[in-house]
Amino acid sequence: MVAREAAGWEPYPLHSFVLKVHSRCDLACDYCYMYRSRDQSWRTQPRAMAPAVVDRTAERIAEHLSAHGLREAGVVLHGGEPLLAGDAALARTVRVLRAAAGDGVKLHLSLQTNGVRLTRERLDLCGESGIRVGVSTDGGRAAHDRHRRGADGRGSHARVEAALELLASAPYRRLFAGLLCTIDLRNDPVRAYEALLAHRPPVVDFLLPLGNWHAPPPGLVPGGPRTPYADWLWAVFKRWYEAPVRETGVRFLDDVMALLLGGAPRTESLGLAPARYAVVESDGSLAQDDALRTAYDGAARTGLDVWRHSFDTLLRHPGIAARQWGADGLCAECRACPLHRVCGGGHYVTRYRHATGFANPSVYCADLASLIRRVRGRLAQDVAELTTVAAGTAGTAGFLAPPGVDGPGGRRPGAPVGSSPGSTPRMRAAGRAYDQAPAQTPAPAAPAAADPSS
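Residues numbered from 1 in each chain as written. Predicted model: local features only at pLDDT ≥ 70, side-chain atom pairs only at ≥ 80, totals over all residues. Heavy atoms only, no water.

K.L.:
How should the overall build of the protein be read in this particular structure?
P.N.:
From N to C terminus, the protein includes 15 helices and ten strands. Every one of the 454 residues in the protein was classed for burial, and the buried ones make up 54%. Sequence separation of at least 24 residues holds for 71% of the intrachain contacts in the protein that already meet a minimum separation of 6. Put simply, the protein shows about 19,100 Å² of open surface, and 54% of that area lies on carbon and sulfur atoms. (Helix = DSSP H or I, 4+ residues; strand = E, 2+ residues; numbered from the N terminus. Buried < 20%, exposed > 50% of the residue type's maximum accessible area, 1.4 Å probe, protein only. Contact = heavy atoms within 4.5 Å. Areas by Shrake-Rupley, 256 points an atom, 1.4 Å probe, with all protein chains shown as cover.)

Quick look at the structure:
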C-alpha cells in the first residue's frame, strides 16, 4: 500500500453509504450474516443510531462528496431491520442527510427491509421522504418460511406477501426498488423465480449464500466436480432470457451479460470495478463490507469512526484499498484466468482461507466459471445471429469475441440489434443486453500490486 501511494495511486471516492440505523431485527433468519456469523459485535452496538451520530454521519458524507466534486450519491438505510428505528427517526435521518448534502447534490435514498413492518403508513412516509424500498424474500411460502422466521419460530411469508402486494400497487409502485432472494439449492430455481416474478418487481437480485473455503456454502464441495449454484442460476437464466418479453431485471445475470458484452456492471459483486461504498454502524464506527463478518471475528472492523475520521481516511484502510485495485488486487491464480474480467475473482468475502486471507479464488470459482461460460456460449450464438441480420456481418462483442473484434471501446454495429424482422425472443433478449450494456470507462492504470493480504 505504501509503495502504491509512493507510485501515485489515489483511491476512488465513495459514492454509496450504508447506514445501520437500527442494529437489531424482528426476524431470526438462519442464514443471516449479521447475527449468525463468527463476528458477534452487533451485541455491543446501540440498538438505534442516535441523532448525534446521524448528524455527524451526514456531515461526513457531505464533506466527502464536496471534497471530490460529486453531485450524486446513494444512501441505504439498513440494519438489522431499519423500520425498527421508527417513523420519526427515519424521517429525521432523511431530512438531516439532504440538508447536509445541500441542493446541489442528488441523494438516492433506499431502504432494505424484511417487509414485516411495511405498512401503508410507512410507504406514505417513504414516498414523502423520497425513499425507495427493497424487500428481502425467498419466494413461495415453503421456501421463504424455511429460513425467514421470527424468534418464536413463526414464518413471515404471509406478512411479507401482504406488504409486497401493497408495494406493487399503483400508489406505491414507484417506490419499489426490487427483491433480494438468497439461493437455496433445495428450491426449484424456476419456481422460485416465478414466485418472485408474481410481485412484478423492477429487478430481482439472487444472492449466493455467504461462505468461504473453511465454511463452504450449503451443498457446495470446494474443489469437487459439481457446480450446483451454476446449475441453479443457469435454469433461472434460461427461463428469464428466453421469455418473449423482458419481465424483470435479474441483476446478477444482467451484470454477467453486460461484462461479457464489453459493458460495465451495475453492482460491484462482479467485474473489476473498485469498491466505492462504506458502512456506518449504529455507534458511528466505520466498517468494511458487513459480509466480512462471516470470515472471522473483527474482519469488518477498521478502528475508525465518524467522530475522528473522514471517509478519505477510510479509503486508505488496507481492507478498503485492496478492493479498489482491480486485477492487481487478485491472487496470481485469478489473474491468470481469462474469466477474471467478468467474475472479478468472486465476492471478496468468499475468497477467505485462514493461511492466505483473501488472496485466493472464490470458493464459488468453479460455479462462476461454469455459469459464465454457459452464458457466453448462448450470447455468442445469439449475438452472431443478430449482427448478421442487422448489419450483414458476423460480429460479436466484448468478451465474446477474439481480441480486437468489437471489444470494449471498439465499434458496435451501426444498426440497432434485437429489432430485426424475424428475430426470436432470445435474440431480442441478447439485443437488449447488447444495446443497453453501459459503456465501460477504462480505469486509470494502477501501479504494480502488492499482495492484498499484506
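K.L.:
Would you take a moment to explain the sheet that holds strand 3 (residues 106–113) for this structure?
P.N.:
Sheet strands pair via backbone hydrogen bonds, and the direction of the pair is either parallel or antiparallel. On the basis of which strands lie adjacent, the open sheet formed by ten strands has the order 7-6-5-4-3-2-1-8-9-10 and mixed pairing. Both outer strands of the open sheet, strand 7 (249–250) and strand 10 (301–305), are each paired with one neighbouring strand and no more. Of the pairings in the sheet, the one linking strand 8 (residues 277–280) to strand 9 (residues 285–287) comprises two bridges and is antiparallel in character. When the sheet's bridge partners are listed, Val279 is paired in strand 9 with Ala287. With respect to the sheet, helix 3 (residues 87–101) is in contact with strand 1 (16–20), strand 2 (72–78), strand 3 and strand 4 (131–136), its orientation differing from that of strand 3 by roughly 155°. (Pairing = 2+ DSSP bridges. Axes fitted to C-alpha atoms, helices over the stretch in contact; angles between N-to-C directions.)

K.L.:
Any chance you could explain the packing of helix 8 (residues 228–241) against helix 9 (residues 251–260) here in plain terms?
P.N.:
Where helix 8 meets helix 9, the closest approach of the two axes is 11 Å, and the angle between their N-to-C directions is 80°. Between helix 8 and helix 9, the angle falls in the class roughly perpendicular. On the side of helix 8, the interface is formed by Leu233, Val236, Phe237, Trp240 and Tyr241, while helix 9 contributes Phe252, Leu253, Asp254 and Met257. (Parallel < 35°, antiparallel > 145°, perpendicular 65-115°, else oblique.)

K.L.:
Would you explain the packing of aromatic side chains in this entry?
P.N.:
When we look at a pair of aromatic rings, we describe it by the centre distance and by the angle of the planes. Within the structure shown, the criterion is met by ten aromatic pairs. Ring centres 4.8 Å apart and planes at 15° place the aromatic pair Phe237 and Tyr241 in the stacked group. You can see Phe237 and its partner Tyr241 sitting in helix 8, four residues apart, about one turn around the helix. Ring plane angle 20° and centroid distance 4.6 Å describe the contact between Tyr348 and Phe358, whose orientation is recorded as stacked. Here Phe358 lies in the loop between helix 13 (340–343) and helix 14 (365–391) and Tyr348 lies in the loop between helix 13 and helix 14, a separation of ten residues in the sequence. Grouping residues by exposure puts Tyr348 and Phe358 together as buried. Aromatic rings pair up to connect Trp234, Phe237, Trp240 and Tyr241 into one cluster. Across the ring face of Trp213, the terminal group of Arg353 is positioned such that the distance to the ring centre comes to 4.1 Å. (Phe/Tyr/Trp six-rings, centres within 6.5 Å; stacked < 30°, edge-to-face > 60°. Lys NZ or Arg CZ within 6 Å of the ring centre and 35° of its normal.)

K.L.:
What is the right way to look at the pairing of strand 6 (residues 203–207) in this model?
P.N.:
The two faces of a sheet get side chains in turn, since along a regular strand they alternate between them. Burial runs high along strand 6: four of the five residues are buried. Relative to strand 6, strand 5 (residues 176–182) runs parallel, the two sharing four bridges. Looking at the pairing, Cys181 lines up with Phe206 of strand 6. Alignment of strand 6 against strand 7, held across two bridges, turns out to be parallel. By the bridge assignment, Val203 is partnered in strand 7 with Gly249.

K.L.:
Just checking my understanding: could you explain unusual backbone geometry for this structure?
P.N.:
Residues apart from glycine generally show negative phi values, whereas peptide bonds are mostly found in trans. Between Gly79 and Gly80 the backbone carries a cis peptide bond, its omega angle lying at 15°. One can find Gly80 in the loop between strand 2 and helix 3. Backbone geometry at Arg200 places phi at a positive 55°, although glycine is not the residue there. Given a relative accessible area of 45%, Arg200 falls into the partly exposed group.

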